[in-house]
Amino acid sequence: MADRISKAEFIALIAMMFATIAFSIDSMLPALPEIGAQLSPDDVNRAQLILTSFVLGMGIGTFFTGPISDAVGRRPVIFAGAAVYILASAVAWASSSLELVLAARVVQGLGAAGPRVVAMAIIRDLFSGREMARIVSIAMMIFTLVPAIAPMAGAAVIAFAGWRGVFMSFILFALVIIVWMGFRLPESLAPENRRPFRLPLMVGAVKEMFAHPTVRLSIFVQTLCMGMLFTMLTMVQPIYDVIHDRADSFPFWFGFVALMSGSASLLNAAVVVRVGMRRMVTWALAGQILITSLVIALNMSNLSPQASFALFVFWQTTVFFMAGVTMGNLNAIAMEPMGHIAGMAASVIGSISTVLAAAIAAPVGLLFDGTLGPLTIGILTMCVLAFGLMVHMGRIEDRVPA
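Here the residue index of a chain counts from 1 through its sequence in written order. Local features in this predicted model are restricted to residues of pLDDT 70 or higher, and side-chain atom pairs are both shown and tallied only at a pLDDT of 80 or more, whereas totals for entire chains, interfaces and linings draw on every residue. Side-chain metrics rest on all non-hydrogen atoms present in the structure, leaving aside hydrogens and water.

## A short note on the overall build of the chain
And step 1. The secondary structure listing takes helices from DSSP runs of H or I that are at least 4 residues long and strands from runs of E that are at least 2 residues long, numbered from the N terminus. The number of helices and strands found in the chain is 15 helices and 0 strands.
And step 2. The globule rule puts the C-alpha radius of gyration for 402 residues at 21 Å, and the 21 Å found for the chain is close to it.
And step 3. Each principal axis of the C-alpha distribution contributes one length, and for the chain these read about 60 × 55 × 35 Å.
And step 4. For each residue, the accessible area found with a 1.4 Å probe, counting protein chains only, is set against the maximum for its type, and the residue is called buried under 20%, exposed over 50%, and partly exposed in between. Scored against the burial criterion, the 402 residues of the chain give a buried share of 56%.
And step 5. Accessibility throughout is a Shrake-Rupley quantity obtained with a 1.4 Å probe, and a residue counts as covered only by protein chains that appear here. Split by element, the accessible area of the chain, about 16300 Å² in all, is 69% carbon and sulfur.
And step 6. Within the chain, the 20 negative side-chain charges are centred at a point lying 10 Å from the centre of the 23 positive side-chain charges. Values of the radius of gyration come from C-alpha atoms, whereas the globule rule sets the reference at 2.2 Å times the count of residues to the power 0.38. The convention is simple: Lys and Arg are positive, Asp and Glu are negative, and His and the chain ends are not counted. Here the site of a charge means atom NZ of a Lys, CZ of an Arg, CG of an Asp or CD of a Glu.

In structure tokens form, the structure reads like this:
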């Protein structure tokens, strides 16, 4: 790594880039009722499109930001993406119609794709193997924490400056990233290692990734792990409100869970070098299968309201903990053989896993019927599938010489 920045500062900067997506989505949650009432009073539910429109833009942008960074370098792509993100945030702040806000959110998602994808490529430029997994694990802790903390931050901004103030906080967030990176982090991709931005090369890179069994399986498992996390995030607020009648205290309980589950990435960073990435993922999924099965069984008994709530908070914490252990390792597993096409690999991994995870979580979330049934069954099903794929990955690795 360049002498200009220490490893600790590098991890902090990368973590902030990872956090862009989660902050842009989850801090909007408290604003949706107010936006719906103001910009779509005839159908306030349309305000939920503010979330999906951002994910749409992000999914599209994720395909392109990595390959472009392979061609021109990492820094220009992050600076350009941040500029697009800031401009779109300003448009959304000034919008007087929901349609214009939605269009701005799509563009905002396009811009936000840059920091998320290119940050992973920068890590692969500078590190490899289990040390790369350690760096990713620590940085990904922010990805696990931000979805829990962002609603409280959004609520605080709304109380002070209204829903439009959330978009101003996005602008400030992006400015901090580009100024910090501009002064402290030099370009990580040497000119001789860059690849021209050509469609045949992109297609060839995608084919190479999906021809590699370990990379292919790690993408599928990451999709399922992100699907479990997104499903929990989609349904958790109605569960606190409808089942447990704790809507007012929801942000605080969510913050408590975040603090508890945030230790997952620190634990993983401490032991992954000795244990290995694949074993850490497999063990985490096995543990989640057992815990979720226990939750299903206990919910069939006549628990008191207090015991039922305590059980759910514990289970929610374990799901976030599992995500903190698995996602950084799965990213590292998929990126390890793809160092020569790191930008394209980061794009494909990020785009496919995020879009498919959202596609899984959305219909499961719509099944909410006032009970934990749809959520517990959905997460257990995804966890069993992911565990089976990891066992298969282990068998493949056992057949291939080191």
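Okay, back to it.
## Considering the pattern of salt bridges
And step 1. Should a side-chain nitrogen of Lys or Arg be within 4 Å of a carboxyl oxygen of Asp or Glu, the pair is scored as a salt bridge. Evaluation of the coordinates by the stated rule reveals 3 salt bridges.
And step 2. As a salt-bridge pair, E9 and R184 come within 2.8 Å of each other at their nearest N and O atoms. Remark: R184 occurs in helix α7 (residues 164-184) and E9 occurs in helix α1 (residues 7-26); sequence separation between them is 175 residues.
And step 3. For the salt bridge of R74 with D125, the shortest nitrogen-to-oxygen distance reads 2.8 Å.

## With respect to the domain arrangement of the chain
And step 1. For the purposes of this description, domain bounds are those given by an automatic or database domain assignment. Along its sequence, the chain is carved into domain 1 (1-197) and domain 2 (199-401).
And step 2. Its C-alpha centre places domain 1 at a distance of 21 Å from the equivalent point of domain 2.
And step 3. At the junction of the two partners, domain 1 supplies 38 residues and domain 2 supplies 46 residues.
And step 4. Two parts placed together each lose some accessible area; with a 1.4 Å probe, that loss summed over both constitutes the buried area. Together, the buried faces of domain 1 and domain 2 total about 3500 Å²; carbon and sulfur atoms form 72% of this surface.
And step 5. The interface formed by domain 1 and domain 2 holds 0 salt bridges in total.
And step 6. Polar contacts, as used here, are pairs of N or O atoms within 3.5 Å; protein pairs need one atom able to donate a hydrogen and one able to accept it. Residues neighboring in sequence count only if both atoms are side-chain atoms. Counting across the domain 1 and domain 2 interface gives 0 residue pairs in polar contact (both at pLDDT 80 or more).
And step 7. Elements that contribute at least two residues to the side of domain 1 that touches domain 2 include exactly α3 (49-72), α5 (98-126) and α6 (129-161).
And step 8. At 18 residues, α6 tops the list of elements feeding residues into the side of domain 1 that touches domain 2. In this description, contact between two residues means that some pair of their heavy atoms is separated by no more than 4.5 Å.

## Describing the packing of aromatic side chains
And step 1. Two rings from Phe, Tyr or Trp (for Trp, the six-membered ring) form a pair when their centres are within 6.5 Å of each other. A pair whose planes differ by under 30 degrees is stacked, one over 60 is edge-to-face, and the rest are tilted. Using the criterion set out here, one finds 11 aromatic pairs in the structure.
And step 2. With 6.1 Å between their ring centres and 90 degrees between their planes, W253 and F256 make a pair best called edge-to-face. One end of the pair is W253 and the other is F256, both in helix α10 (residues 250-261) and 3 residues apart, which spans about a single turn.
And step 3. Accessibility expressed as a relative area gives 28% for W253, which makes it partly exposed.
And step 4. On the basis of relative accessibility, which here comes to 38%, the residue F256 falls in the partly exposed class.

## Observations regarding the side chain of R105
And step 1. By secondary structure assignment, the location of R105 is in helix α5.
And step 2. Buried and unpaired, R105 has D26 as its nearest opposite-charge partner, separated by 9.0 Å.
And step 3. There is a polar contact of 2.7 Å between the side chain of R105 and the side chain of Q108.

## Observations concerning the state of the cysteines
And step 1. Count a disulfide wherever a pair of cysteine sulfur atoms falls within 2.5 Å. The full count for this structure, using the stated rule, is 0 disulfides.
And step 2. Unpaired in this structure, C225 has its nearest cysteine sulfur neighbour in C383, at a distance of 7.1 Å.
And step 3. On the basis of relative accessible area, C225 is assigned to the buried category, the value being 0%.

## So, the packing of helix α9 (residues 213-243) against α10
And step 1. Orientation is described by lines fitted to C-alpha atoms, with helices fitted over the stretch in contact, and by angles between N-to-C directions that extend from 0 to 180 degrees. For the pair α9 and α10, the least separation of the axes is 10 Å and the interaxial angle reads 130 degrees. Our classification of the angle between α9 and α10 gives oblique. Considering only the axes of α9 and α10, their crossing is right-handed. Here α9 contributes L233, V236, Q237 and Y240 to the contact with α10, which in turn contributes F250, W253, F254 and V257.
And step 2. As a working rule, the residues Ala, Val, Leu, Ile, Met, Phe, Trp, Tyr, Cys and Pro are called nonpolar, Asp, Glu, Lys and Arg charged, and the rest polar, with Gly in that last group. Here the residues of the contact of α9 with α10 sort into 7 nonpolar, 1 polar and no charged. Roughly parallel covers angles under 35 degrees, roughly antiparallel covers those over 145, roughly perpendicular covers 65 to 115, and oblique covers all other angles. Note on convention: near helix rotated counterclockwise from far helix by under a right angle means a left-handed crossing. Clockwise means right-handed.

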